[in-house]
Structure formats: C-alpha cells, structure tokens
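# A look at the structure
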Amino acid sequence: MSTHVGDQPIRVLKHNLIARLEERNKKLITTLQLDLRLDKKIAYHARNASLNENQLPFISAYGTINIHETFLSYIWIICYYFFVVHEEGVVIPEHEKRQILIFIPQNVKILNDAEDLFQYAKRITRAFESWDITNLPNPEYYDSFALEGYYIEKTNDIFVESVNFILYHEIAHAEFEHIKKISTENLSQVEIKALEIDADTRAMELILKDCRNITATSISIIFGIAAILFRKNNLNGGSKHPDINDRLENALRIINPTEDSPVWAMLALFIKAWDKQFNLGLKEKPFYSTYKELFYDLINQV
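Keep in mind it's a predicted model, so treat the numbers as computed, not measured.

Turning our attention to the packing of helix H4 (residues 147-175) against helix H7 (residues 214-226). Where H4 contacts H7, the axes come no closer than 8 Å and their chain directions differ by 65 degrees. The element H4 and its partner H7 pack so that their crossing is right-handed. Only Thr217, Ser220, Ile221, Phe223, Gly224 and Ile225 of H7 make contact with H4, whose side of the interface consists of Ile158, Glu161, Ser162, Phe165 and Ile166. Of the residues that constitute the contact of H4 with H7, the class distribution is 6 nonpolar, 4 polar and 1 charged.

For the rest of this paragraph, the subject is the packing of aromatic side chains. This structure, assessed with the given rule, holds 16 aromatic pairs. Relative to phenylalanine 270, the ring of phenylalanine 82 has its centre 4.0 Å away and its plane inclined at 10 degrees; by these criteria the two rings are stacked. Of this pair, phenylalanine 82 sits in helix H2 (residues 69-97) while phenylalanine 270 is found in helix H9 (residues 262-278), placing the two residues 188 residues apart along the sequence. The pair formed by phenylalanine 82 and phenylalanine 270 is uniform in burial state, with each residue classed as buried. When the ring of phenylalanine 118 is compared with that of phenylalanine 230, the centres are 5.1 Å apart and the planes differ by 90 degrees; the resulting orientation is edge-to-face. With a gap of 112 residues between them, phenylalanine 118 in helix H3 (residues 108-123) and phenylalanine 230 in the loop between H7 and helix H8 (244-255) connect regions that are remote in the sequence. As far as the burial class goes, phenylalanine 118 and phenylalanine 230 line up, both buried. The positively charged end of lysine 14 is found above the aromatic ring belonging to tyrosine 44, 4.3 Å away from the centroid.

Turning next to the state of the cysteines. According to the stated counting rule, one finds 0 disulfides in the structure shown. Cysteine cysteine 79 remains unbridged, with the sulfur of cysteine 211 as its closest cysteine sulfur at 16 Å. The exposure class of cysteine 79 is buried, given its relative accessible area of 0%. The exposure class assigned to cysteine 211 is partly exposed, which follows from its relative accessible area of 22%.

The next thing to look at is H8. An ideal rise of 1.5 Å per residue puts 16 Å on 12 residues; H8 measures up with 16 Å between its terminal C-alpha atoms. Residues of H8 that are buried: Ile244, Arg247, Leu248, Asn250, Ala251, Leu252 and Ile255. Looking at the packing, one finds that the buried side of H8 touches H4, helix H6 (189-209), H7, H9 and helix H10 (291-299). Asparagine 256 sits one or two residues past H8 and shows a positive phi near 50 degrees.

Along strand E3 (residues 65-68), one buried face is formed by Ile65 and Ile67 and the opposite face, lined by Asn66 and His68, is buried too. Bridging between strand E2 (residues 58-59) and E3 involves 2 bridges; their strand directions are antiparallel. Note that in E3 the partner of isoleucine 59 across the bridge is isoleucine 65. Here E2 folds back onto E3 in antiparallel fashion, the turn holding 5 residues, of which glycine 63 has a positive phi close to 80 degrees.

So, on to the sheet that holds E2. Taking strand neighbours across the sheet as the criterion, the 3 strands line up as E1-E3-E2 in an open arrangement whose pairing is mixed. Every other strand in the sheet has two partners, leaving strand E1 (43-45) and E2 as the edge strands with one partner each. For E1 and E3, the ladder comprises 3 bridges, and the chain directions are parallel. Looking at the pairing, histidine 45 lines up with histidine 68 of E3.

We now examine H7. In a regular helix each residue adds 1.5 Å, so 13 residues correspond to 18 Å; H7 covers 18 Å between its end C-alpha atoms and thus fits that length. Extensive coverage of H7 is indicated by the burial of 10 of its 13 residues. Buried positions along H7 lie against helix H1 (14-34), H2, H4, H6, H8 and H9. Its side-chain oxygen placed 3.0 Å from the backbone nitrogen of threonine 215, asparagine 213 serves as the N-cap of H7.

This paragraph deals with the pattern of salt bridges. With the rule as written, the count across this model stands at 15 salt bridges. In this structure, aspartate 157 and arginine 20 form a salt bridge, with 2.6 Å as the shortest nitrogen-oxygen distance. Here aspartate 157 is found in helix H4, whereas its partner arginine 20 is found in helix H1, with 137 residues between them in sequence. Classification of aspartate 157 by relative accessible area gives partly exposed; the value is 33%. With relative accessibility at 14%, the residue arginine 20 sits in the buried group. Because the salt bridges share partners, they merge into one network encompassing Arg20, Arg24, Asp157, Glu161 and Arg212.

Take the packing of H2 against H4 next. In the contact formed by H2 and H4, the axes pass within 8 Å of each other and the chain directions differ by 125 degrees. Relative to H4, H2 is oriented oblique. Both H2 and H4 take part in a crossing whose hand is right-handed. Its residues placed into classes, the contact of H2 with H4 shows 16 nonpolar, 3 polar and 4 charged.

Definitions and cut-offs
- Residues numbered from 1 in each chain as written.
- Predicted model: local features only at pLDDT ≥ 70, side-chain atom pairs only at ≥ 80, totals over all residues.
- Heavy atoms only, no water.
- Axes fitted to C-alpha atoms, helices over the stretch in contact; angles between N-to-C directions.
- Helix = DSSP H or I, 4+ residues; strand = E, 2+ residues; numbered from the N terminus.
- Left-handed = near helix turned anticlockwise from the far one by under 90°.
- Contact = heavy atoms within 4.5 Å.
- Nonpolar A, V, L, I, M, F, W, Y, C, P; charged D, E, K, R; others polar.
- Phe/Tyr/Trp six-rings, centres within 6.5 Å; stacked < 30°, edge-to-face > 60°.
- Buried < 20%, exposed > 50% of the residue type's maximum accessible area, 1.4 Å probe, protein only.
- Lys NZ or Arg CZ within 6 Å of the ring centre and 35° of its normal.
- Disulfide = S-S within 2.5 Å.
- Expected span 1.5 Å × (residues − 1).
- Pairing = 2+ DSSP bridges.
- Polar contact = N/O pair within 3.5 Å; in protein donor to acceptor, adjacent residues only side chain to side chain.
- Salt bridge = Lys/Arg side-chain N within 4 Å of Asp/Glu carboxyl O.
- Parallel < 35°, antiparallel > 145°, perpendicular 65-115°, else oblique.

This is the structure:
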C-alpha cells in the first residue's frame, strides 16, 4: 500500500501506535514537547536489518524517540505467537480436560503457522530476512473472517498496547531527564540501571491509569519486557540495563496479578519457550497448583 511508509508488514500499525499514545495522555506529551524535553516527532526507521544491528528503541539526548521496523515486527510476532499458543495450546486443552464446552476445537494449522512465525522472529534477531507474507501470519495481508484473522486482529491490539508501554518508557526517560543525569552526574552502573527501573515504573503508572482492560494491558507490559529473552541465553541486562528478571519482578509488583491471572500462564510459556530455544535444562515437577508456582520454579532455576 502506497499510503504506508516502510518495507515490513508491521508498517500498517505505525499510526495506531501514536494515536493511542496521544489519546491516553496528550497533556503530558504536549508539556514535555513545549519545554523541549521531548521531540514532537518519533523517528521511525524503516531499515531491513537484524535486531542485533542497533534496532532496539531509544531516546536521544535531544528527546527524539527512535523505533525500528524490525523491532516492531519482532514484538508483533512475539505477541501473536504467545497469544495463539495460550489460546490454542493451553486454554482449549484445559477446557477439554475439564470437559468444559468449547465451540471451536484446537486448530493445529494455526499452532504450526504460529510456530513457524516464531522461528522467523528468532532468526531476525541475528540476520535479517523478509517476512514471508504469503505463508506466514502478518498484520497487513489476511482474511478478517478466518480464525487466523481473529488472532491477527486481537494481536494488533495487544501489540499496540505493548509498544505503548515501550514508548512510555522512553517518554519517562525524557520526563525525568535521565540522559542528562547520565552525562553530567558520573553515575555508576547500579545507578544507571535504577533509572531504567524508574522508567519502567513510570511507564506502567501511565499506561495502567488509562486502559480498557487491566488484564490485557498487564499481559502487554509483560510482552514488552520479556520479548527480549529470545536474543540470548541468560537474563543479564548488561552494563546499562537491569537483568530481565529484575524488570519482571518490578512489573509484577506493580501489576499485582491475582493467583489465577493469565499473566502467570504467559510468563510460564515464555520461560518454557526460552528454555527450549537454548537447551537450558530446566526441570518441571509432575504437578503445580498454579501457573504462578510453575513460573517461579522455572525462573529460580535459571
């Protein structure tokens, strides 16, 4: 479509990201723009590059938020994969086991296509390749009346919410003038990492204050944090970012999901998929009373 700038199918959702962000808190954004802490435009980089080629979001010293098409594609695929696996691979089998009436049986093709798409997402962390829009689910070309279309449109909403959390994280850096602090105050690594946790906390405060569905938004936040797992085989955030488990613990403290919240099932699925990718050797017990118990048992083994 000539109206959508970019090379990857995720381009069709670019304007949705900004529209929802401004709907939420235009007053804060305008205030930050007026006092020059935040640029009036977001830099959208349409470059066919792998995720590891500096394609992660960041905010510049001039308050310009930078986002990249490959990163957005990667996040969308993570959202799609885990949403489909949860619905088709967890909810439906559990309903069948408990003899709860289900109207649509498990769709193996949907699951297999989601798995193929997930493998593609993991490959583009290392080397870029084009999205196979003919054979793999994507947000630009699909049948809205088919089951796959249902999952794509639900994923679009989760994706926009997840990226809104990520954008709010960058906005928080501007609001608190973190880049200025780092450049002028000679902060230690521990102090720099603490700024990232502060940005996460502020982003969650902003996004949870004005959301349509608290559970869906909570899951979107978890996706925004945990998606980065599949880039490497450890939780280490490096010299400038907190470890992923520390970011998740901070998010869980703020979200405070109930014992039976689907947030725990999603987290357990993330850790199991990560274990499978890198052969971490995590061991599951024969029985867990909740997905929360399963998640903490696995994450504590890492």
